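# Residue-level structure breakdown
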Protein chains: 2
Amino acid sequence: MANGIIPLNELISQFERLPGIGKKTAQRLAFSILEQPPEVAEKFAEALVNARRKIHFCGVCQGLTDKEVCDICADTRRDRSVICVVAEPRDVMAFERTREFAGVYHVLHGVISPLDGITPDRLRIKELMARLSDSEIKEIIMATNPTVEGEATASYLSRLIKPMGIKVTRLAYGIPVGGDLEYADEFTLARALEGRNEI
Amino acid sequence: MANGIIPLNELISQFERLPGIGKKTAQRLAFSILEQPPEVAEKFAEALVNARRKIHFCGVCQGLTDKEVCDICADTRRDRSVICVVAEPRDVMAFERTREFAGVYHVLHGVISPLDGITPDRLRIKELMARLSDSEIKEIIMATNPTVEGEATASYLSRLIKPMGIKVTRLAYGIPVGGDLEYADEFTLARALEGRNEI
């Protein structure tokens, strides 16, 4: 394709493996690397290897960190009595951006999806249950995605946790802030109606 | 931002430096690297460094190659009497995809743009002129972009080359194949009219 230049083809195909990057974009990105000084490619390469090598899962919440325990779990100002359970490490970042949540997290690293071979034992559920033996814990917020699998995972965990006398909550459904009612699907609208609040 | 995980922030910012990659996409790409086995990051890193180190400009056409002379210039079946002059290495790939051009190329590595400090001496024009001393050369196709700078570069080169008795041509302007007349701008449409052919 790239005129038979093997190292260029190899770089293009590495970019193409990234999610959401098609053939044309991969080519554009590869060329941009070649157009810049060698240091740019070297620093990028270093960042890739470094990130992959140094980042692992937090011993407590299973989120990403380059330390033994992540900054959130180590922060004594966070409220350890509330655990927000998410599917992926990037969901932690999404909540952190809101600056509204002062509790801690637990990352499952996926959702239950029997069709994809993801059974509960493949997720970080054991680690969550171990944390719950701490009597300090008052509430578990299920913050998995509003999909079939996300819902199933939330109910599965709720059934495990509720008998322990811990409150389990779920994120509210409704219309997105700044969204247009016209474009809201009927399920979202129905849930928004159902969960309406007095003003 | 990324919960203070420095190697993650560094990887995100490396992705963000790529053209057309915004903050959100950079985050998504960085997470996708962390979600995969370490070999993925290592191979990507290797491809980056390898491509940047091994690929340089062809001694003849100034296009990209990992050899001394690129495969196109070395191919004896190509017609060396016709040189297609392009601005960037990626333009060579675009022409090669058409499978319609049997001649050879010359890559200028930019277009004349005094406002950006790109004067003719910054481009690979000297190398082009050196090639033209070969009496075999019959035609130079100016295939720079249809922009002000691309046009200026084409006319500049045309004025240099024509006195040598070599034919200089320019890509045809017109409506894009599969395009909709309604969306063609007035300049394109005027040029398409001007260049109309009998059928």
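Below or above, wherever it landed, is the structure these notes cover. The shown structure was predicted, so the numbers you read here are calculated from the model rather than taken from an experiment.

Rules and cut-offs
Residues numbered from 1 in each chain as written. Chains lettered and ligands numbered in written order. Predicted model: local features only at pLDDT ≥ 70, side-chain atom pairs only at ≥ 80, totals over all residues. Heavy atoms only, no water. Contact = heavy atoms within 4.5 Å. Buried area = accessible area lost by both parts, 1.4 Å probe. Salt bridge = Lys/Arg side-chain N within 4 Å of Asp/Glu carboxyl O. Polar contact = N/O pair within 3.5 Å; in protein donor to acceptor, adjacent residues only side chain to side chain. Helix = DSSP H or I, 4+ residues; strand = E, 2+ residues; numbered from the N terminus. Least-squares fit on C-alpha atoms with pLDDT ≥ 70 in both. Core = buried A, V, L, I, M, F, W, Y, C linked by side-chain atoms within 4.5 Å. Buried < 20%, exposed > 50% of the residue type's maximum accessible area, 1.4 Å probe, protein only. Axes fitted to C-alpha atoms, helices over the stretch in contact; angles between N-to-C directions. Left-handed = near helix turned anticlockwise from the far one by under 90°. Nonpolar A, V, L, I, M, F, W, Y, C, P; charged D, E, K, R; others polar. Arc of directions from axis to C-beta. 1 Å grid on protein atoms, 1.4 Å probe; cavity = no way out; pocket = protein on both sides within 12 Å on 5 of 7 lines; lining within 4 Å. Points joined across faces, edges and corners; volume = space filled by probe spheres on them. Pairing = 2+ DSSP bridges.

## Here we look at the interface of chain A and chain B
Each partner contributes to the interface: chain A provides 56 residues, whereas chain B provides 56 residues. Between chain A and chain B, a total of about 4,900 Å² is buried, with carbon and sulfur atoms accounting for 71% of that surface. Here chain A is connected to chain B by two salt bridges. Note that A:R90 is salt-bridged to B:E35, the shortest N-O span being 2.7 Å. Linking chain A with chain B are eight residue pairs in polar contact (both at pLDDT 80 or more). Sorting the residues of the side of chain A that touches chain B by element identifies α1 (6-16), α2 (23-34), α3 (38-54), β2 (64-65), α4 (71-74) and α5 (89-98) of chain A as the ones contributing at least two each. Examining the composition of the side of chain A that touches chain B, we find that 15 residues originate from one element, α3(A), more than from any other.

## Digging into the relation of the copies chain A and chain B
For the pair chain A and chain B, the best superposition has an RMSD of 0.1 Å and corresponds to a rotation of 180° with a translation of 0.0 Å parallel to the axis. Each copy turns onto its partner about a two-fold axis. Of every C-alpha in chain A, the one belonging to A:A45 sits nearest the axis of rotation, 2.0 Å from it. Looking at chain A, 100% of its interface residues are interface residues in chain B too, so the copies touch through the same face.

## Thoughts on the side chain of B:Q14
Mapping B:Q14 onto the fold places it in helix α1 (residues 6-16). Dropping the residues within four chain positions of it, B:Q14 is found in contact with A:V40, A:K43, A:F44 and A:A47.

## A word on the nonpolar core
Buried together is how nonpolar side chains tend to be arranged in soluble globular proteins. Ranked by internal contacts, the top residues of the largest apolar core, which has 46 residues, are A:F15 and B:F15. Look past the residues within four positions of A:F15 in its chain and what remains in contact with it is A:I21, A:A26, A:L29, A:A30, A:I33, A:F44, B:L18, B:F44 and B:L48. If you look at the next biggest cluster of nonpolar residues, it comprises 31 residues, including A:C61, A:L123, A:I137 and A:M142.

## Details of the packing of helix α6 (residues 125-132) of chain B against helix α7 (residues 148-161) of chain B
All names here are of chain B. In the contact formed by α6 and α7, the axes pass within 12 Å of each other and the chain directions differ by 35°. By crossing handedness, the relation of α6 to α7 is classed as right-handed. Across the interface between the two elements, I125, L128, M129 and L132 of α6 pack against Y156, L157, L160 and I161 of α7. Classifying every residue of the contact of α6 with α7 by side-chain character gives eight nonpolar, no polar and no charged.

## Concerning α1(A)
Inspection of α1(A) places A:P7, A:L8, A:L11, A:I12, A:Q14 and A:F15 among the buried residues, and these make up the whole buried set. Projected down its long axis, α1(A) shows its buried positions confined to an angular sector of 160°, all on one face. Tucked into the core, α1(A) has its buried residues touching α2 and α3 of chain A together with α3 (38-54) and β2 (64-65) of chain B.

## Re the layout of surface pockets
Reported here for the largest pocket is a volume of approximately 570 Å³. Lining the largest pocket are 20 residues, with A:F95, A:T144, A:P146, A:L171 and A:A172 sitting closest to its centre. Those elements that place two or more of their residues in the lining of the largest pocket are α5 and α8 (186-194) of chain A. The volume enclosed by the second largest pocket comes to roughly 430 Å³. Around the second largest pocket sit 18 residues that line it, and B:T144, B:N145, B:P146, B:L171 and B:Y173 are the ones nearest its centre. Elements represented by at least two residues in the lining of the second largest pocket include exactly α5 (89-98) and α8 (186-194) of chain B. Per-element accounting of the lining of the second largest pocket gives the leading share, four residues, to α5(B).

## Comments concerning the sheet that holds strand β4 (residues 103-107) of chain B
Residues and elements named next belong to chain B. Spatially, β4-β3-β5-β6 is the arrangement adopted by the four strands of the open sheet, whose pairing is parallel. Two strands in the sheet have a free side with no partner beyond their single neighbour: β4 and β6 (167-170). Pairwise comparison of adjacent strand axes, ignoring direction, gives a mean angle of 25° for this sheet. Two strands pair when backbone bridges link them, and strand β3 (residues 79-86) and β4 are joined in this way by five bridges, in the parallel orientation.

## Description of the pattern of salt bridges
When the charged atoms of two side chains with opposite charge come close together, those side chains can pair. Within this structure, the stated rule accounts for 12 salt bridges over all chains. Of the charged contacts in the structure, one is a salt bridge between A:K67 and A:D71, with a shortest N-O distance of 2.8 Å. A:D71 gets classed as partly exposed once you look at its relative accessible area, which sits at 34%. With its nearest N and O atoms 4.0 Å apart, the salt bridge here joins B:K67 to B:D66. Judged by relative accessible area, B:K67 falls into the partly exposed class, the value being 37%. Relative accessible area serves as the criterion here: at 27%, B:D66 is assigned to the partly exposed category.

Everything listed here is a matter of coordinates, which is why it stays silent on function.
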